[in-house]
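The residues making up each chain are set out below.
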Amino acid sequence: MKTFNSSKISQSIQSHSMTSKICLSALSLAILIGLTGCDGDDGNAGPAGMQGEMGVPGDNGNDGVDGADGTPGFNAATFILANNGTDNAGTIDLINQNAAKLKTFSSGANEGVTVDKLGNLIQASDSGNGAISTICQVLSRTDGGMFNTDRDRTITGTNTTLVNPKGIHVSNKRGLIFAADFNAMQITVFGAAASGDAAPLANTVTDAKPWDVTYDDNNDRLYVALTNGDVAVYDYYVEGGFMAMPTRTITPSNDAGEKVSVNIHGIAYDAKTNKLVLSDVGSASDATDGALFVINNASVADGNTSVARSIAGPASMLGNPVDISLTGSDLRVAEKSNDAVLIFSNIFSGASGDISPDSVTATIKPESISETVMHSDMADISDSYMINVPLIGVAVSSNPGAAGPTTGQISRLNAPLTSELGNYNASQSIESVAFDKAGNSYTTFDNSTTSSGGIVISNKVAMYRDGEVYSQSQDSVISGNNTGLISPKGLDVASDSGLVFVAENNATTPGILVFSNCTTGDASPLITLTPSNSARPWDVDYDVATDRAFVALTNGTIAVFDEVKSKLMAGMSVITGEDRLITPATGGAAFLAPSNIHGIDYDPLSDSLIVSDVGSATDATDGKLYVLSNAGMSSGLNNVSVNIAGPATMLGNPVDIMFTGNHLYVAEKSNGLVMRYDNILTSPSGDIAASLSYSFTAPESVAILPTWLNH
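Residues numbered from 1 in each chain as written. Predicted model: local features only at pLDDT ≥ 70, side-chain atom pairs only at ≥ 80, totals over all residues. Heavy atoms only, no water.

A. Quick peek at the overall build of the protein. Of regular secondary structure, the protein possesses three helices and 53 strands. A buried classification covers 58% of the 711 residues belonging to the protein. Within the protein, contacts between residues at least 6 apart in sequence are counted, and of these 56% link residues at least 24 apart. Here the protein displays about 26,400 Å² of accessible surface, and carbon together with sulfur accounts for 51% of that area. (Helix = DSSP H or I, 4+ residues; strand = E, 2+ residues; numbered from the N terminus. Buried < 20%, exposed > 50% of the residue type's maximum accessible area, 1.4 Å probe, protein only. Contact = heavy atoms within 4.5 Å. Areas by Shrake-Rupley, 256 points an atom, 1.4 Å probe, with all protein chains shown as cover.)

B. Region of the structure containing the layout of surface pockets. Space inside the largest pocket adds up to approximately 1,500 Å³. Within the residue set of the lining of the largest pocket, elements represented by two or more residues are strand 4 (113-115), strand 8 (165-171), strand 12 (210-216), strand 16 (264-270), strand 21 (321-327) and strand 25 (366-371). Looking at the lining of the largest pocket residue by residue, the classes come out as 21 nonpolar, 16 polar and eleven charged. (1 Å grid on protein atoms, 1.4 Å probe; cavity = no way out; pocket = protein on both sides within 12 Å on 5 of 7 lines; lining within 4 Å. Points joined across faces, edges and corners; volume = space filled by probe spheres on them. Nonpolar A, V, L, I, M, F, W, Y, C, P; charged D, E, K, R; others polar.)

C. Highlighting the side chain of Asp-436. Along the polypeptide, Asp-436 turns up in the loop between strand 29 (430-435) and strand 30 (441-447). Here Asp-436 is buried and forms no salt bridge, its nearest opposite-charge partner Lys-460 lying at an N-O distance of 6.9 Å. At a separation of 3.0 Å, a polar atom in the side chain of Asp-436 contacts the main-chain amide nitrogen of Asn-440. A distance of 2.7 Å separates the side chain of Asp-436 from the side chain of Tyr-442, its partner in a polar contact. Every residue in contact with Asp-436, bar those within four places of it in the chain, is listed here: Leu-118, Ile-381, Tyr-442, Val-493, Ser-495 and Leu-709. (Lys, Arg positive; Asp, Glu negative; His and termini not counted. Salt bridge = Lys/Arg side-chain N within 4 Å of Asp/Glu carboxyl O. Polar contact = N/O pair within 3.5 Å; in protein donor to acceptor, adjacent residues only side chain to side chain.)

D. View of the packing of aromatic side chains. For the structure shown, the criterion picks out nine aromatic pairs. Ring plane angle 55 degrees and centroid distance 6.1 Å describe the contact between Phe-178 and Tyr-237, whose orientation is recorded as tilted. Here Phe-178 is found in strand 9 (residues 176-181), whereas its partner Tyr-237 is found in the loop between strand 14 (231-235) and strand 15 (248-253), with 59 residues between them in sequence. By relative accessible area, Phe-178 is classed as buried at 0%. Given a relative accessible area of 0%, Tyr-237 falls into the buried group. Members of the aromatic cluster, joined through ring pairs, are Phe-178, Tyr-215, Tyr-234, Tyr-237 and Phe-242. Lying over the aromatic face of Phe-74, Arg-332 brings its terminal NZ or CZ to 5.5 Å of the ring centre. (Phe/Tyr/Trp six-rings, centres within 6.5 Å; stacked < 30°, edge-to-face > 60°. Lys NZ or Arg CZ within 6 Å of the ring centre and 35° of its normal.)

E. Layout of the pairing of strand 5 (residues 121-125). Most of strand 5 sits out of view: five of its five residues are buried. Here strand 5 shows a buried face lined by Leu-121, Gln-123 and Ser-125 and a second buried face lined by Ile-122 and Ala-124. As paired strands, strand 4 and strand 5 are joined by three bridges and run antiparallel to one another. The residue of strand 5 that forms the bridge with Val-113 is Gln-123. The turn linking strand 4 back onto strand 5 is made up of five residues, and Gly-119 within it adopts a positive phi angle of 85 degrees. Pairing of strand 5 with strand 6 (residues 131-135) involves five bridges; the strand directions are antiparallel. (Pairing = 2+ DSSP bridges.)

F. Region of the structure containing the sheet that holds strand 46 (residues 624-628). Overall, antiparallel pairing links the four strands, which are arranged 44-45-46-48 in an open sheet. With one partner strand each, in any of the chains shown, strand 44 (597-603) and strand 48 (642-645) form the two edges of the open sheet. Ignoring strand direction, the axes of neighbouring strands in this sheet form an average angle of 10 degrees. Pairing between strand 45 (residues 608-613) and strand 46: five bridges, direction antiparallel. Counted as the bridge partner of Val-611 is Tyr-626 from strand 46. (Axes fitted to C-alpha atoms, helices over the stretch in contact; angles between N-to-C directions.)

G. A look at the sheet that holds strand 33 (residues 476-479). A sheet is described by the order of its strands in space; here four strands give the open sequence 29-30-31-33, paired in antiparallel fashion. Lying at the two open borders of the sheet, with one neighbouring strand each, are strand 29 and strand 33. Averaged over all pairs of adjacent strands, the angle between their axes in this sheet comes to 20 degrees, without regard to strand direction.

H. Inspection of empty space enclosed by the protein at higher detail. As enumerated under the stated definition, the model contains five cavities of 30 Å³ or more in all. The computed volume of the largest cavity comes to approximately 210 Å³. What lines the largest cavity is a set of 22 residues, and nearest its centre among them are Asp-116, Leu-118, Arg-153, Ala-192 and Asn-440. Residues that form the lining of the largest cavity fall into these classes: nine nonpolar, eight polar and five charged. In this structure, the second largest cavity occupies an estimated 170 Å³ of space. Lining the second largest cavity are 20 residues, with Ser-382, Leu-491, Asp-492, Asp-539 and Met-658 positioned closest to its centre.

I. Inspection of the environment of Thr-227 at higher detail. Here Thr-227 is to be found in the loop between strand 13 (221-226) and strand 14. Along the backbone, Thr-227 and Ser-261 are 34 residues apart, and their C-alpha atoms lie at a distance of 9.3 Å. A distance of 2.8 Å separates a polar side-chain atom of Thr-227 from the backbone oxygen of Lys-209.

J. Region of the structure containing the pairing of strand 20 (residues 309-312). Judged by which residues are buried, strand 20 turns out to be one-sided: Arg-309 and Ile-311 face inward and are buried, whereas Ser-310 and Ala-312, on the alternate face, are not. Where strand 18 (residues 291-295) meets strand 20, four bridges bridge the pair, whose relative direction is antiparallel. Bridge pairing in strand 20 places Leu-292 opposite Ile-311.

K. Summary view of the confidence of the model for the protein. Confidence in the prediction for the protein averages 90 pLDDT; 90% of positions are at 70 or higher. pLDDT under 50 marks residues 1-61. Its contacts with residues more than four places away, or in other chains, come to 89 contacts. (pLDDT = per-residue confidence, 0-100.)

L. Representation of the environment of Ala-131 in the model. Structurally, the position occupied by Ala-131 is in strand 6. Relative accessible area serves as the criterion here: at 9%, Ala-131 is assigned to the buried category. Between the C-alpha atoms of Ala-131 and Asn-164, which are 33 residues apart in sequence, the distance is 7.7 Å. Leaving out residues up to four positions away in the same chain, Ala-131 has contacts with Gln-123, Ala-124, Ser-125, Thr-154, Ile-155, Thr-156, Leu-162 and Pro-165.

M. The nonpolar core, seen in detail. Ranked by internal contacts, the top residues of the largest apolar core, which has 34 residues, are Leu-391, Val-396, Ile-410, Phe-435, Tyr-665, Val-702 and Leu-709. Apart from residues no more than four positions distant in its own chain, Val-396 is found in contact with Gln-409, Ile-410, Ser-411, Leu-413, Val-674, Phe-696, Pro-699, Ser-701 and Val-702. Listed in part, the 20 residues of the second largest apolar core include Ile-512, Leu-526, Tyr-542 and Val-551. (Core = buried A, V, L, I, M, F, W, Y, C linked by side-chain atoms within 4.5 Å.)

N. Expanded view of the environment of Tyr-236. For Tyr-236, the position within the fold is in the loop between strand 14 and strand 15. Tyr-236 sits 17 residues away from Asn-219 along the chain, and the two C-alpha atoms are 7.2 Å apart. Setting aside residues no more than four positions away along its own chain, Tyr-236 makes contact with Asn-219, Asp-220 and Met-243.

In structure tokens form, the structure reads like this:
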């Protein structure tokens, strides 16, 4: 990593519009040199300063002059920095805790940035038509990469009402994007899965032009930074129906009650201390009059409010602090007019006044800054990495042969299968449903009339959306000729990889199509897995730990594809032929026809594969459940360790299954049941009745909903 020499730093400092020639002390110079160096700081104290000069001989051994202090330590972290200069607009930089650049990406957008729970970048743009783009898995994208319609998506168009959105905020709890639209003088709200020319969920008109916005997820409170120097506060904003009028207005003031704010841009809220931090650019044409304010008791502050701390003046280097990002008590500032990222440690404590930043890193025209968030450390919903996952419910899709009241419906049942908790309608003839870690649903559909299929991506169906239907304001669809989706069935989501695996069952081009979970419209698959002998898949389960896809084939076998993501990252777009083929067997012989495997779930803890066999689709009595041991590297005939079949089982067409780490939920379509088989891995074989069952109209798929989704 490159460091700046002292002459370059001096030139950078001189280029800022400061009031006069300011002589840098040895301490300031050491800070600047240290903080523009390499990444990798683990948050410990920085390196020791230069050794002090030796005492002059004969001075009775007095100590020499103290050396300069070392670099202050910042906790290891990464940040997204949006650029908006003449030559770098439309790019973002990934930087470390010391603002050292790690890589650059061309997002095509130039304004506010934020990162959602899944690791996707969401960025506003006003460089052309107003837009909000989602860049999938931004941390893993290559240096020098760029926006790709097969991986990413954009909200833009006349219906969006977007003019020139600036700051944005994403509510991970509610799956909403809040955008401060400057010239439209409004806060515009979309569901996080929306795309294209979608109308917003809500527009809230503001009293002055807004620049930035932040949201308290736990208390449903919206804070809006206005360029007249005020902060508008909306209590119960979402639950109150996107309130049209602010509950109160905060005006930063001095102890005499006199307003001190002029043109607020950046805003950050710290829920632990209930404090707001604001950045004020003052005059946009003045590179010396910026300021920072701290507001205590933000949740109840009203009217002229004395600031708890203010920082401004030549030493602060605050001219146009257009955006801020708060990490603990460290505040990072995108200082546009003075071309720098500034860091103020312990922003909540200390005296007010002309305070120097603890770090200054030169960069060209920074526009917005946001910390990247860690992915959820939980496994994907379909991956049982713990025994007996606690559940808030079970999702079941309905797919009757003839259109009816439940067509397109995804219902949430309670875990004991005694009642329905809620439902959502995807407005399509749906097949299977799966969920990502954020609780968004991915539902395959096909249209026999048009011989076309697709995937409906719906916002927060796992927890909310009760009684709601598909809406472009919140949801989106992957469909079209390029997708290859004609008759898609089962699917699986790998959230941390940003991938959706879809079993395409059509007779001509069967295979597993892998899409970005951020794309929309007529996008091409990123990679296709093609089983041998034109075998047709019905379901797929991808194991992220081993990078292995298990594919249920309707000819009674299981195809296994190894190193799927690794091959994708290496540039492969098609994998022809599986690495291994597993045939469920008993007594060393394959099960007699008809054998037609549909549901599949791999358990990495026990290295077991659980599958459902519908037998004949026209026979409501010949369904089976199998457990295969030592499945990860299995090949050829594999004698099942559990074989459940017979009249008492009520298994006819068990079209889908999902394992909790202990119990197995089954969507039994021909007999209209959702069933649970307890302790499936150690269950005896034979004609075993389900432990629990629930009558349901034409269940097509089943997915468990872990309790951590509500956290």
